[in-house]
Amino acid sequence: MHGRQRFHGRIAGVGSTSGVRVVVGRWDRSPMGAFADVMLEQPDGHRVLLAPDTAVAAFVSDTYVFDEVVVTGVDVSPVAGGMGQGWAVTAGELRLSFTLGRRAPLGWALRALPTPVASSTAFATAADPVARTLLRGVSTRGQARSGRREWYGALDLHRVTSLTGSWRGTDLGELAPVDPPCRFGFSSTPRAPGVTSVVTTVEVLAG
């Protein structure tokens with residue numbers, strides 16, 4: 001698989017008072033079909049990929065950096081909670097539930113852009129200096145592993161308002177900022193926990 005590959009879906013980025021930070025990708029359309037995966041960083045910096053099959057595990061671990069890759073079932077389901085909707089995530093030894101709040105001000109600004117513009121690599125390139133300035137640890141374009149290039153086209157953003165769960169038998173505690181930024185690649189998710197609707201473009205060199 002080479003050339004520019006586009007992944008359409010949503011990325012959830014949450015922190016916890018235990019120090020575990022979790023990034024969940026829920027992809028509705030991609031070159032590998034619909035799937036979900038989880039990137040998790042422990043307080044000690046150990047980075048884990050939870051992938052649903054070997055093909056996803058190979059592609060993601062060739063694009064990002066991990067200390068451990070686990071192939072396991074990854075289930076992400078919508079749930080009602082509190083005043084709004086949320087996600088329930090089950091992936092190997094991870095149990096995670098969180099609720100979604102209102103659209104963030106940045107989400108309103110992103111929704112005002114035509115989708116073809118917001119999802120383009122040209123816009124991601126132009127927006128990168130702004131993202132780096134306003135959102136600590138966030139970049140919208142950069143160099144990935146294996147000589148790959150990557151662009152993030154954000155379309156919407158909702159805040160996450162609460163969290164419960166456990167990782168390898170240890171309670172995650174309560175919702176906290178994604179701080180320090182995750183170190184899977186050139187960009188982390190925003191510090192404020194949220195779910196971003198996104199089109200991710202990965203340029204894969206011919207092998």
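Throughout what follows, the structure given in this document is the object of discussion. (Residues numbered from 1 in each chain as written. Predicted model: local features only at pLDDT ≥ 70, side-chain atom pairs only at ≥ 80, totals over all residues. Heavy atoms only, no water.)

**Some words on the side chain of Ser16**
Stated formally: Note on conventions: DSSP H or I runs of at least 4 residues are helices, E runs of at least 2 residues are strands, and numbering of each starts at the N terminus. In protein, a polar contact means a hydrogen-donor-capable atom and an acceptor-capable atom, both N or O and within 3.5 Å, with residues adjacent in sequence counting only if both atoms are side-chain atoms; elsewhere, any N or O pair within 3.5 Å suffices.
Position of Ser16 among the secondary structure elements: in strand β1 (residues 3-16). Reaching out from Ser16, the side chain makes a polar contact with the side chain of Ser18 at a distance of 2.8 Å. In terms of polar contacts, Ser16 uses its side chain to reach the backbone carbonyl oxygen of Val20, at 2.8 Å.

**Notes on the pattern of salt bridges**
Any two side chains of opposite charge can pair, so long as their charged atoms come close to each other. Note the threshold: We define a salt bridge as a contact between a side-chain nitrogen of Lys or Arg and a carboxyl oxygen of Asp or Glu at a distance within 4 Å. Think of it in three bands: residues with accessible area under 20% of the maximum for their type are buried, residues over 50% are exposed, and the middle band is partly exposed, with areas taken using a 1.4 Å probe on protein chains only.
In total, this model carries 12 salt bridges according to the counting rule given. A salt bridge links Arg21 to Glu41; the nearest nitrogen and oxygen atoms lie 3.3 Å apart. Highlighted residues: Arg21 in strand β2 (residues 21-29) and Glu41 in strand β3 (residues 35-41), separated in sequence by 20 residues. Glu41 gets classed as buried once you look at its relative accessible area, which sits at 1%.

**Considering the packing of aromatic side chains**
Selection rule: Ring pairs shown here join Phe, Tyr and Trp side chains whose ring centres sit within 6.5 Å, with only the six-membered ring taken for Trp; geometry is labelled stacked below 30 degrees between planes, edge-to-face above 60, and tilted in between. Sitting over a ring, as applied to charges here, requires NZ of Lys or CZ of Arg to be within 6 Å of the ring centre and within 35 degrees of the ring normal.
Tallying each qualifying case throughout the model produces 6 aromatic pairs. With centroids separated by 5.4 Å and ring planes inclined at 40°, the aromatic side chains of Phe7 and Phe59 adopt a geometry described as tilted. Of this pair, Phe7 sits in strand β1 while Phe59 sits in helix α1 (residues 54-63), placing them 52 residues apart in sequence. When sorted by exposure, Phe7 lands in the same class as Phe59, which is buried. With 5.8 Å between their ring centres and 40° between their planes, Tyr152 and Phe186 make a pair best called tilted. Residue Tyr152 is located in strand β10 (residues 149-167), and its partner Phe186 is located in the loop between β12 (175-176) and β13 (194-204); the two are separated by 34 residues in the primary sequence. Assessed through its relative accessible area of 16%, Tyr152 is described here as buried. Of the residues examined, Phe186 reaches a relative accessible area of 22% and is grouped as partly exposed. Ring-pair connections join several aromatic residues into one group, and the members of that group are Phe7, Trp27, Phe35 and Phe59. Directly above the ring of Trp87 sits Arg26, whose terminal nitrogen or CZ lies 5.3 Å from the centroid. Over the ring of Trp108 we find Arg103; its NZ or CZ atom is 4.7 Å from the centre of that ring.

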